[in-house]
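Remarks on the overall topology
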Amino acid sequence: MSLPRSDGFVFFGASGDLAYKKLFPALYAMTRRGRLDVPVVGVARTEWTLDEFRARARASLEEHVGAVDEKVFATLAQRLQYVAGEYVDGKTYAAIRVALDGATNPTFYLAIPPSVFGTVVRGLGESGWAETGRLVVEKPFGRDLASAKELNRAVHEVFDESRVFRIDHYLAKESVQNLLLFRFANTFLEPIWNRNYVEAVQITMAERFGVQGRGRFYEEAGAIRDVIQNHMLQVVGFLAMEPPLATYADAIRDEQVKVFRAIRPLSPESLVRGQYKGYRKEDGVPPDSTVETFAAVRLHVDSWRWEGVPFFIRAGKCLPTTTTEVLVTLKRPPLRHVGPEETNHVRFRLSPDVIIAIGARVKKPGDQMVSEPTELKLVHQSDDAEMDAYERLIGDAMDGDETLFARQDAVEAAWAIVEPILGGVTPVHEYEVGTWGPPDAARLSAEVGGWHCPPG
């Protein structure tokens, strides 16, 4: 049974960076669209007055939204309440109930470190919210399979899985949604979207910048935990999944889990790790760090559709450009005069701009029957109707729509894929800033002609 619309919104960690950079702008956008008409309660240890909390919200919007509509902000500010207190103190939860002003099925958003999740979840349970509230949990969902299971156990001691919304903002990006829709809304794609026609699939997530002062955080994560285990595997799931049934709400998530379970656990032989030159001089990074800022992996999806088709993922910092791109290369036509590089492709650029392109071959001008590449390209133009990922996800959680949230079995299946390559099981190779990572990564994709390097 679907949950009723939430009649209150509470976010823990209200004085933190995530609230400042993402949550306040999302709540403002929801107010502007008329989608937020409930009490909004911020909770943190910081001893602020309500006026100081509202000033914090205003500063966030001026920095991250720009021009603030005074009427919209006045409406949002009127709904804002603030509770200062320790997360272990029952008085904090009693104050939250008062601030919710009679709300009976609020959404509780945990914008706090995972180490505090258990404390807050227990506090919510002891204050009587287990049966009517719902919980939004920020990633990371653990550091490995064992910790993910432990985190799920702690959450399920209080909340049923149907009331848990694990937020991965990547799933709500317009570009990722576009990829999913394009796959299943266009009849011409389905006949070729399989091992009979697809040569290889490559996903590149490149960032031109480094850790930007977040060295201490990155030492706890690394590229595999930070983006491959979650964001990149989610993209693989959307690319490789079977058409979801439209008859029940969990259809998309069911199909994604099937893909994750069909992916072989990664081996050290299918991994190349790298670290950009100068990373060990970043604040918070020890001089002997072996944490990867670059990782390249080769995946195998053992399903009828994808047997024998290699999937490659490459993610890294301090690379030549900032972009995320998917390239699905089709097999070469069976013509003797067509070279191995003369193939067709489907290309999805997911950021910073959104592009869907189909690569074809056309005749090169002149007497000879020689082909040259061209692309049929669709460029997405954003408009005012487009939602930011956090706005969409907060609204979906309050509506009880779980489609874009990670389910327990999906989280654990994704960790099971990367579990064998965690913990520095391979050497970390230094690479120059502004290059495409360590040269050793070339061996993973050599049989398909090498890596696709997206232009800037």
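First things first, this report covers the structure right here in the doc. (Residues numbered from 1 in each chain as written. Predicted model: local features only at pLDDT ≥ 70, side-chain atom pairs only at ≥ 80, totals over all residues. Heavy atoms only, no water.)

Digging into the overall build of the protein
Along the protein, the regular secondary structure elements total 11 helices and 15 strands. For 456 residues, the compact-globule formula gives about 23 Å, and the C-alpha radius of gyration of the protein, at 24 Å, lands near that figure. Dimensions of the protein, computed from C-alpha atoms along their principal axes, come out at roughly 80 × 50 × 40 Å. Burial analysis of the protein (456 residues in total) assigns 53% to the buried set. The contacts of the protein with a sequence gap of at least 6 include a subset with a gap of at least 24, amounting to 76%. Approximately 20500 Å² of the protein is accessible, and the part contributed by carbon and sulfur atoms is 52%. Taking the average place of the 53 positive charges on the side chains of the protein and the average place of its 63 negative ones, the gap between the two points comes to 3 Å. (Helix = DSSP H or I, 4+ residues; strand = E, 2+ residues; numbered from the N terminus. Rg over C-alpha atoms; globule rule 2.2 N^0.38 Å. Buried < 20%, exposed > 50% of the residue type's maximum accessible area, 1.4 Å probe, protein only. Contact = heavy atoms within 4.5 Å. Areas by Shrake-Rupley, 256 points an atom, 1.4 Å probe, with all protein chains shown as cover. Lys, Arg positive; Asp, Glu negative; His and termini not counted. Charge placed at Lys NZ, Arg CZ, Asp CG, Glu CD.)

Some remarks on a positive patch on the surface
Taken together, Lys21, Lys22, Lys173 and Arg214 make up a surface patch of like positive charges. By the element assignment, arginine 214 lies in the loop between strand 7 (198-207) and helix 8 (215-240). (Patch = residues over 30% accessible without salt bridge, like charges linked within 9 Å, V, L, I, M, F, W, Y side chains within 5 Å. Salt bridge = Lys/Arg side-chain N within 4 Å of Asp/Glu carboxyl O.)

Re the environment of alanine 360
As for its placement among the helices and strands, alanine 360 is situated in strand 13 (residues 355-363). The class for alanine 360 is partly exposed, based on a relative accessible area of 25%. Sequence separation between alanine 360 and glutamate 375 is 15 residues; the distance between their C-alpha atoms is 6.0 Å. Non-local contacts of alanine 360, meaning those with residues more than four positions away in its chain, are made with Asn344, Glu372, Pro373 and Thr374.

So, the sheet that holds strand 11 (residues 323-330)
Pairing within the open sheet is mixed, and its 9 strands lie in the order 14-13-12-11-7-10-9-8-15. Edge positions in the sheet fall to strand 14 (371-379) and strand 15 (428-431), since each has one partner strand and no second. In this sheet, adjacent strand axes meet at a mean angle of 20° when their direction is disregarded. Strand direction decides the pairing type here: strand 13 and strand 14, joined by 9 bridges, are antiparallel. Following the sheet pairing, glycine 359 is matched in strand 14 by glutamate 375. (Pairing = 2+ DSSP bridges. Axes fitted to C-alpha atoms, helices over the stretch in contact; angles between N-to-C directions.)

A few points about the environment of alanine 59
Tracing the chain through its elements places alanine 59 in helix 2 (residues 50-64). With relative accessibility at 29%, the residue alanine 59 sits in the partly exposed group. A C-alpha to C-alpha distance of 32 Å links alanine 59 and tyrosine 279, two positions 220 residues apart in sequence.

Side note on the nonpolar core
Phe11, Phe12, Tyr109, Leu299, Val326 and Phe348 are the most contacted members of the largest nonpolar core, which has 145 residues in total. In contact with tyrosine 109, other than residues within four places in its own chain, are Phe9, Val10, Phe11, Phe12, Leu18, Leu23, Val136, Glu138, Ile167, Tyr390 and Ile394. (Core = buried A, V, L, I, M, F, W, Y, C linked by side-chain atoms within 4.5 Å.)

Some thoughts on the pairing of strand 5 (residues 134-138)
Of all 5 residues in strand 5, 5 are buried, a share of seventy percent or more. Of the two faces of strand 5, the one carrying Arg134, Val136 and Glu138 and the one carrying Leu135 and Val137 are both buried. Remark: the strand 4 (residues 107-110)/helix 5 (residues 114-126)/strand 5 crossover connection has right-handed handedness. Bridging between strand 5 and strand 6 (residues 164-167) involves 4 bridges; their strand directions are parallel. Bridging from a neighbouring strand, valine 137 pairs with arginine 166 of strand 6. The parallel pair strand 5 and strand 6 is bridged by helix 6 (residues 145-156), and the resulting crossover is right-handed. (Right-handed = clockwise from strand over helix to strand, strands pointing away.)

Quick word on the packing of aromatic side chains
The relation between two aromatic rings is expressed through the spacing of the ring centres and the mutual angle of the planes. Taken as a whole and judged by the stated rule, the model has 20 aromatic pairs. Ring plane angle 85° and centroid distance 5.7 Å describe the contact between phenylalanine 11 and phenylalanine 24, whose orientation is recorded as edge-to-face. Of this pair, phenylalanine 11 sits in strand 1 (residues 9-12) while phenylalanine 24 sits in helix 1 (residues 17-32), and the two are 13 residues apart along the sequence. The pair phenylalanine 11 / phenylalanine 24 is uniform in exposure class, with both members buried. For the ring pair tyrosine 218 and tyrosine 279, a centre distance of 6.5 Å and an interplane angle of 70° mean the geometry is edge-to-face. With tyrosine 218 in helix 8 and tyrosine 279 in the loop between strand 8 (271-276) and strand 9 (294-300), this residue pair connects regions lying 61 residues apart in the sequence. Each member of the pair, tyrosine 218 together with tyrosine 279, is buried. The lysine or arginine in question, arginine 97, covers the ring of tryptophan 129, its NZ or CZ lying 4.0 Å from the ring centre. (Phe/Tyr/Trp six-rings, centres within 6.5 Å; stacked < 30°, edge-to-face > 60°. Lys NZ or Arg CZ within 6 Å of the ring centre and 35° of its normal.)

Fair warning: the whole summary comes from geometry, so function is off the table for now.
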